[in-house]
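Residue strings, one per chain:
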Amino acid sequence: MSRRIINFLRERSLRGFGLTFMFTFIVLFILLISIFLSLVIVVFFVYIGLYTSPPAEDPNSGGGLVLVTYFGTVSILVSILASLIFSRIPLSPIRKVIHASEELAKGNFSVRIHLKGPKELRKLNRSFNHMAEELGSLEMLRSDFINNFSHEFKTPIVSLRGYAKVLKRKNLSDEERNEYLDIIINESERLAELATNVLQLSKIESQAIITEKTTFNLTEHIRTVIVLLEPKWSVKNITFQFDSSEFMVTANEDMLSQVWINLLDNAIKYSPSYSEITIDMNSQIQHVSISIHNNGPGIDAYEQKHIFDKFYQGDPSHASPGNGLGLSIAQKIVILHGGTIRVASSGDTGTTFEVILPST
């Protein structure tokens, strides 16, 4: 224990020593240069006759005071000149950071600094570049969010307007009219679902704590969600492998329903027909792990980094159904419950999502 305390104190005492040493060295260097040049100038004055030492028989003539005055004046002037010259060395990194900060303020998130020297400057270099990288990523996400949001809202509205105009034609058959009406109904439902998801996500993001928690059977809860989605998986003749013990959790049941609906809906959507979705549940220390595996196409590394972003869809053409909000909502709900959600594995054999929730 004593050795650990000593190492900790030693680490704390050495922290910041590099930058301190650099400034101390520069000040000392300026001081030595000032003294040396002052002596050289005073000797030069004596050599050319601008100053003569007082005669030995008149030690109180004031010559010593004159020498001190000469030396002091020259030292001050040399110190000022040396400070102006050498102060640029420690201030150079600060100027670089100021310039880079101004570029960031202008929206140039590609700016980077390359500081060398003491540990503190290298740490500042890494921190600033990491900050610039994160700001660039946020700006990209913001831009993508606006573009995707506009696309997701504009597409059904344009579709509704187009088919509404078509319905004004008098030469349509009943079959065509019913077909166009069905499209309008589907697009209206899609728009309503998008608006609901946006409002739900906004509500979840504004929450800091979970209210209305109850203790319930999580295993039976997931079985209920599977039955709820029966119209979707029965069409593709998908079966479920779900043989699990009964696990109890304390959570908001309605909110967790959204997690399983979104995860299972995605699993059904990307699973091929006549395939199987596997659900595994395991108990850990004060946690329950839930894994949902489908046999659909894998998710590449880039998509895995953004799959929980709002409005992100792996298909840039937005041809597949969905609006890119389901996984984002699921992640927010899981985090509010003190849990985690991630892509546990993804490849040629399918994709597995894992959710870990506190059991109490």
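Residues numbered from 1 in each chain as written. Predicted model: local features only at pLDDT ≥ 70, side-chain atom pairs only at ≥ 80, totals over all residues. Heavy atoms only, no water.

**Observations concerning the packing of helix 7 (residues 218–228) against helix 9 (residues 253–270)**
Angle between the axes and distance between the axes are the two parameters that describe a pair of packed helices. One can describe the packing of helix 7 onto helix 9 by two numbers: an axis separation of 10 Å at closest approach and a directional angle of 55°. It follows that helix 7 is oblique to helix 9 by the angle criterion. Here the hand of the crossing between helix 7 and helix 9 comes out right-handed. Residues Leu218, His221, Ile222, Val225, Ile226 and Leu228 of helix 7 lie in contact with helix 9, whose contacting residues are Glu253, Leu256, Ser257, Trp260, Ile261 and Leu264. (Axes fitted to C-alpha atoms, helices over the stretch in contact; angles between N-to-C directions. Helix = DSSP H or I, 4+ residues; strand = E, 2+ residues; numbered from the N terminus. Parallel < 35°, antiparallel > 145°, perpendicular 65-115°, else oblique. Left-handed = near helix turned anticlockwise from the far one by under 90°. Contact = heavy atoms within 4.5 Å.)

**Some points on the nonpolar core**
Grouped together as the largest cluster of nonpolar side chains are 43 residues, with contacts concentrated most on Leu218, Ile222, Trp260, Leu263 and Ile290. Elements with a minimum of two residues in this core: helix 7, strand 3 (248–251), helix 9, strand 4 (276–284), strand 5 (287–294), helix 11 (326–336), strand 6 (340–347) and strand 7 (350–358). The element that contributes the greatest number of residues to this core is helix 9, accounting for eight residues. With residues near it in sequence (within four places) discarded, Leu218 still touches Phe247, Val249, Trp260, Met281, Val288 and Ile290. (Core = buried A, V, L, I, M, F, W, Y, C linked by side-chain atoms within 4.5 Å. Buried < 20%, exposed > 50% of the residue type's maximum accessible area, 1.4 Å probe, protein only.)

**Observations regarding the confidence of the model for the chain**
Mean pLDDT over the chain: 75, with 66% of residues reaching 70 or higher. Below a pLDDT of 50 lies the segment residues 8–16, which in the model reaches two contacts outside its immediate sequence neighbourhood of four places, other chains included. In the model, residues 316–320 has pLDDT below 50 throughout and makes seven contacts with residues more than four positions away in sequence or in other chains. (pLDDT = per-residue confidence, 0-100.)

**Brief notes about the sheet that holds strand 4**
Ordered by their spatial adjacency, five strands build an open sheet running 2-4-5-7-6, and the pairing between neighbours is mixed. The open sheet has two edge strands with one neighbour each: strand 2 (239–241) and strand 6. Recorded for the sheet is a direction-independent mean angle of 20° between the axes of neighbouring strands. The sheet contact formed by strand 4 and strand 5 spans seven bridges and is antiparallel. Counted as the bridge partner of Ser283 is Val288 from strand 5. Sheet strands touched by helix 9: strand 2, strand 4, strand 5, strand 6 and strand 7. Its angle to strand 5, the strand with the most contacts, is close to 25°. (Pairing = 2+ DSSP bridges.)

**Description of the packing of aromatic side chains**
Counted by the stated rule, this structure contains two aromatic pairs. When the ring of Tyr163 is compared with that of Tyr180, the centres are 5.4 Å apart and the planes differ by 40°; the resulting orientation is tilted. Linking Tyr163 in helix 5 (residues 119–166) with Tyr180 in helix 6 (residues 174–206), this pair joins segments that are 17 residues apart in sequence. On the basis of relative accessible area, Tyr163 is assigned to the partly exposed category, the value being 27%. Taking the centre distance of 5.5 Å and the plane angle of 75° together, the rings of Trp233 and Phe240 count as edge-to-face. The ring of Phe242 has Arg223 lying over it, and the distance from NZ or CZ to the ring centre is 5.7 Å. (Phe/Tyr/Trp six-rings, centres within 6.5 Å; stacked < 30°, edge-to-face > 60°. Lys NZ or Arg CZ within 6 Å of the ring centre and 35° of its normal.)

**Looking at the packing of helix 9 against helix 11**
Relative to each other, helix 9 and helix 11 sit at 140°, their axes nearing to 9 Å. If you check the angle between helix 9 and helix 11, you find them oblique. The handedness of the crossing between helix 9 and helix 11 comes out as left-handed. On the side of helix 9, the interface is formed by Met255, Leu256, Gln258, Val259, Asn262, Leu263 and Asn266, while helix 11 contributes Gly326, Leu327, Ile329, Ala330, Ile333, Val334 and Leu336. A breakdown of the residues in the contact of helix 9 with helix 11 according to their chemical character gives ten nonpolar, four polar and no charged. (Nonpolar A, V, L, I, M, F, W, Y, C, P; charged D, E, K, R; others polar.)

**What to know about helix 7**
One turn of the α-helix equals 3.6 residues, which is why residues spaced by three or four share an orientation. Restricting attention to buried positions, one finds in helix 7 the residues Leu218, Thr219, His221, Ile222, Val225 and Ile226. Looking straight down helix 7, one finds that the buried residues subtend no more than 160° of arc, so they occupy a single side. Of the exposed residues in helix 7, the ones pointing more than 90 degrees away from its buried face are Val227 and Leu228. Measuring from the backbone nitrogen of Thr219 back to the side-chain oxygen at the start of helix 7 gives 3.0 Å, which picks out Asn217 as the cap. (Arc of directions from axis to C-beta. Polar contact = N/O pair within 3.5 Å; in protein donor to acceptor, adjacent residues only side chain to side chain.)

**Quick notes on a positive patch on the surface**
A cluster of like positive charges, contributed by Lys119, Arg122, Lys123 and Arg126, occupies part of the molecular surface. Its place among the elements puts Arg122 in helix 5. Judged by relative accessible area, which is 40%, Arg122 ranks as partly exposed. (Patch = residues over 30% accessible without salt bridge, like charges linked within 9 Å, V, L, I, M, F, W, Y side chains within 5 Å. Areas by Shrake-Rupley, 256 points an atom, 1.4 Å probe, with all protein chains shown as cover. Salt bridge = Lys/Arg side-chain N within 4 Å of Asp/Glu carboxyl O. Lys, Arg positive; Asp, Glu negative; His and termini not counted. Charge placed at Lys NZ, Arg CZ, Asp CG, Glu CD.)

**Some remarks on the pairing of strand 4**
Two faces belong to every sheet, and in a regular strand the side chains alternate between them. Relative to strand 4, strand 2 is paired through three bridges, and the arrangement is parallel. Within the sheet, the bridge partner assigned to Gln241 lies in strand 4 and is Thr278. Two successive antiparallel strands, strand 4 and strand 5, enclose a turn made up of two residues, where Gln286 displays a positive phi of approximately 60°.

**Describing the environment of Ser188**
Here Ser188 is to be found in helix 6. By relative accessible area, which is 32% here, Ser188 ends up partly exposed. Spatially, the C-alpha atom of Ser188 lies 7.6 Å from that of Leu160, the residues being 28 residues apart in sequence.

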